[in-house]
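Geometric and topological summary
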Amino acid sequence: QVQLVESGGGLVQAGGSLRLSCTASASIFTSIAMGWYRQAPGKQREFVADITRGGSTTYAESVKGRFPISKDNAKKMLFLQMNSLKPEDTAVYFCHGQWGWGTYGGQGTQVTVSS
């Protein structure tokens, strides 16, 4: 079992920035991939970004160029730097990790962007 704990959410004005962090209880160096998903009120959960063991990244079109994803293997942490935030980015953001023995998700952190 792997615990993933997100932090860094909050309330920010449109155009502002936030940095989300996710701390894992297991080594993320051994993960197949780590990523972020989000769920806005009344909507389905959607993919935001992920990063593979080798460092390859993939982004949703809606965040490409604004939300770089990164990780620190030594600290067992995953990050999402959220820039140029828009009201439509308002959602609960979830950390996600895939290991060879299972897939795990965090409890989420709320991000609210005011116009």
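Residues numbered from 1 in each chain as written. Predicted model: local features only at pLDDT ≥ 70, side-chain atom pairs only at ≥ 80, totals over all residues. Heavy atoms only, no water.

1. Digging into the pairing of strand β10 (residues 102–105)
Only one face of β10 is buried, namely the one carrying Gly102 and Tyr104, since none of Thr103 and Gly105 on the opposite face is buried. Of the strand pairs in this sheet, strand β9 (residues 91–99) and β10 are connected by four bridges, and their pairing is antiparallel. In the sheet register, Gly97 faces β10, and the bridge partner there is Tyr104. Count of turn residues in the β9/β10 antiparallel hairpin: two residues. (Buried < 20%, exposed > 50% of the residue type's maximum accessible area, 1.4 Å probe, protein only. Helix = DSSP H or I, 4+ residues; strand = E, 2+ residues; numbered from the N terminus. Pairing = 2+ DSSP bridges.)

2. Quick look at the nonpolar core
Ranked by internal contacts, the top residues of the largest apolar core, which has 30 residues, are Leu4, Trp36, Leu80 and Tyr93. When residues of this core are traced back to their parent elements, those giving at least two are β3 (18–24), β4 (33–39), β5 (46–52), β8 (77–82), β9 and β11 (109–114). (Core = buried A, V, L, I, M, F, W, Y, C linked by side-chain atoms within 4.5 Å.)

3. Considering unusual backbone geometry
Look at Lys76: it is not a glycine, yet its phi comes out positive at around 60°. Residue position: Lys76 is located in the loop between β7 (69–72) and β8. What makes Lys76 partly exposed here is its relative accessible area of 31%. Of note in the backbone geometry, Ser84 takes a positive phi value of approximately 50° without being a glycine. With respect to the helices and strands, the residue Ser84 is situated in the loop between β8 and β9.

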